[in-house]
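# Examining the three-dimensional arrangement
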Amino acid sequence: PPPPPPPPPPPYLDDLANRLALHASIAYCDGNEIAAWKDPLGYTDKIPGFEVVKVLHYLKTGSCCYVGISHEKQEIVVSFRGSGSLAAFKTNLRLNLVDLPAYLLFPPPPSLSSSSSSSSS
């Protein structure tokens, strides 16, 4: 039999597109401002509940990336500043992985949390 058809693409969501565009713009701010979640553009007020976990800023090439989490939207965001040179692009690819602290992880779905609590009793 032929393979099943691919699933339909997810719907376009204005809210999601706008948030991601804001995150992309914020990546161009100063790394210290991103780490403090303050920016001169006033965009951070438009993404309430977002917490920056790590900022990676390499001054030599201007490469910058930040990782953050939104508990409200249940999203983990990794946003890179665009690369202005080949050296910056290569630097972007040499990032160290960072473990998220356990308190930042999303709670398990109810079906998993109820089964784990019933198996422990």
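Everything numeric here is computed off the predicted structure, so don't read it as measured data.

### Here's the deal with the overall build of the chain
- If you tally the helices and strands in the chain, you get 4 helices and 3 strands.
- Going residue by residue from the N terminus, the α and β elements of the chain occur as α-α-β-β-β-α-α.
- Within the chain, the proportion of its 121 residues that are buried is 25%.
- Partitioning the contacts of the chain with sequence separation of at least 6, the portion at a separation of at least 24 is 44%.

### A few points about the packing of aromatic side chains
- One pass over the structure, following the stated rule, counts 3 aromatic pairs.
- Both rings, one in tryptophan 37 and one in phenylalanine 50, keep their centres 4.9 Å apart while their planes meet at 40°; by these two values the pair is tilted. Note that tryptophan 37 is positioned in the loop between helix H2 (31-35) and strand S1 (50-58) and phenylalanine 50 in strand S1, a separation of 13 residues in sequence. Note on accessibility: tryptophan 37 and phenylalanine 50 belong to one class, buried.
- An angle of 85° between the planes, with centres 6.3 Å apart, marks the rings of phenylalanine 50 and tyrosine 66 as edge-to-face. Of this pair, phenylalanine 50 sits in strand S1 while tyrosine 66 sits in strand S2 (residues 63-70), placing them 16 residues apart in sequence.
- One aromatic cluster in this structure is built from Trp37, Phe50 and Tyr66.

### Some remarks on the nonpolar core
- Core analysis: the largest hydrophobic core is formed by 13 residues, its most contacted members being Ile34, Trp37, Phe50 and Tyr66.
- If you list the elements that add at least two residues to this core, you get helix H1 (14-26), S1 and S2.
- In this structure tyrosine 66 touches His23, Ile26, Ala27, Ile34, Trp37, Phe50, Lys54, Val55, Val77, Val78 and Ser79, once residues within four positions along its chain are discounted.

### Regarding the pairing of S2
- The buried fraction of S2 amounts to 7 of the 8 residues, a majority that puts the element mostly inside the structure.
- Between S1 and S2, which pair antiparallel and follow one another directly, the connecting turn spans 4 residues, one of which, glycine 62, has a positive phi of 80°.
- Of the strand pairs in this sheet, S2 and strand S3 (residues 75-80) are connected by 6 bridges, and their pairing is antiparallel. When the sheet's bridge partners are listed, serine 70 is paired in S3 with glutamate 75.
- Remark: 4 residues form the turn of the hairpin made by S2 and S3, two consecutive strands paired antiparallel; glutamine 74 in that turn has positive phi of roughly 55°.

Reading the values: the criteria
- Residues numbered from 1 in each chain as written.
- Predicted model: local features only at pLDDT ≥ 70, side-chain atom pairs only at ≥ 80, totals over all residues.
- Heavy atoms only, no water.
- Helix = DSSP H or I, 4+ residues; strand = E, 2+ residues; numbered from the N terminus.
- Buried < 20%, exposed > 50% of the residue type's maximum accessible area, 1.4 Å probe, protein only.
- Contact = heavy atoms within 4.5 Å.
- Phe/Tyr/Trp six-rings, centres within 6.5 Å; stacked < 30°, edge-to-face > 60°.
- Core = buried A, V, L, I, M, F, W, Y, C linked by side-chain atoms within 4.5 Å.
- Pairing = 2+ DSSP bridges.

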